[in-house]
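# Architecture at a glance
Here are the chains, one letter per residue:
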Amino acid sequence: TATGSYAGGVCTIYIEHPSESPSTYYPYDKFMIAAPPALVADLGITKTADVDSVYEGNNVSYTITITNTGAADGPISTIKDTLPAGLTYVPGSALSLTSDDPTIAGNELTWTGSWNIDNFNDPINFVTLVFSASLDASAGDNLTYSNRAGVYYDGTDTSATGPTAPVKFLPPPL
């Protein structure tokens, strides 16, 4: 006869050994087995710009890269990017992970979908989202702006960048 319990990541099994007599049992032998750690995804995000500076009316191309260094596949349901004031998303410019335009609220761009990043054992354990933004005339000249991007699953912020992808806004050339 065997009985067991599971607590704190350890499985304990008790085994009764019957003796040669059907009504007599030897004492329990106790076996403890540590459960393997849960497999989890570990998502990271970076954002880069294709230029260090941009003139009014020109575009800057941004690349958001999401990696998974965890042992489980990483699901993604939302990618958000907050553009600095003075930049406007260029419709139809999204590519790679999705070609869909984001939902835009103010300066926040939101892509929603159902994506998955393979675990670290897979040679392709990252995805990229590339898009463009245009520098408006309302932007301040000779100022450097950074922005932020984040990745979410079921409303939970799984990873976010700090201020990143700095771009200097330049006045139109004379």
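Residues numbered from 1 in each chain as written. Predicted model: local features only at pLDDT ≥ 70, side-chain atom pairs only at ≥ 80, totals over all residues. Heavy atoms only, no water.

## Side note on the side chain of S134
Of note, S134 is situated in strand 12 (residues 126–135). Judged by its relative accessible area of 18%, S134 is buried. Other than its neighbours up to four places away in sequence, S134 contacts G57, N58, N59, G86, L87, T88 and V90. (Helix = DSSP H or I, 4+ residues; strand = E, 2+ residues; numbered from the N terminus. Buried < 20%, exposed > 50% of the residue type's maximum accessible area, 1.4 Å probe, protein only. Contact = heavy atoms within 4.5 Å.)

## Quick notes on the pattern of salt bridges
Inspection of the entire model under this criterion finds one salt bridge. The residue D81 makes a salt bridge to K47 at a minimum N-O spacing of 2.3 Å. Of the two residues, D81 is situated in strand 7 (residues 74–82) and K47 in strand 4 (residues 43–49); the sequence distance between them amounts to 34 residues. The buried category is assigned to D81, whose relative accessible area is 0%. (Salt bridge = Lys/Arg side-chain N within 4 Å of Asp/Glu carboxyl O.)

## A look at the confidence of the model for the protein chain
The predicted coordinates ought not to be read in detail in places where the model reports low pLDDT. Looking at the protein chain as a whole, the pLDDT averages 79, with 74% of positions reaching at least 70. Least confident of the elements in the protein chain is strand 3 (residues 29–34), whose mean pLDDT is 56; most confident is strand 10 (residues 103–105), at 97. Every residue in residues 23–27 is under pLDDT 50, and counting partners more than four places away or in other chains gives eleven contacts. (pLDDT = per-residue confidence, 0-100.)

## Observations regarding the pairing of strand 12
Along a regular strand, successive side chains alternate from one face of the sheet to the other. With respect to burial, strand 12 is a largely interior element, nine of its ten residues being buried. Looking at chain direction, strand 6 (residues 59–68) and strand 12 are connected through nine bridges and run antiparallel. Note that in strand 12 the partner of N59 across the bridge is S134. Pairing of strand 8 (residues 87–89) with strand 12, which is carried by three bridges, proceeds in the antiparallel orientation. Residue pairing in the sheet places T88 in a bridge with S134 of strand 12. In terms of strand pairing, strand 9 (residues 95–96) meets strand 12 through two bridges, oriented antiparallel. When the bridges of strand 12 are listed, L95 appears paired with V130. (Pairing = 2+ DSSP bridges.)

## Quick word on unusual backbone geometry
Phi at S96 takes a positive value of approximately 85 degrees, unusual for a residue other than glycine. Within the secondary structure, S96 sits in strand 9.

## Some points on the packing of aromatic side chains
Across all of its chains, the model carries five aromatic pairs by this definition. Taken together, a centroid distance of 6.2 Å and an interplanar angle of 75 degrees make the contact between Y89 and W111 edge-to-face. Of this pair, Y89 sits in strand 8 while W111 sits in strand 11 (residues 108–117); the two residues are 22 residues apart in sequence, bridging distant segments of the chain. The class of Y89 is buried, set by a relative accessible area of 6%. A centroid spacing of 6.1 Å and a plane angle of 40 degrees characterise the contact between Y89 and F131, whose relative ring orientation is tilted. Of this pair, Y89 sits in strand 8 while F131 sits in strand 12, and the two are 42 residues apart along the sequence. (Phe/Tyr/Trp six-rings, centres within 6.5 Å; stacked < 30°, edge-to-face > 60°.)

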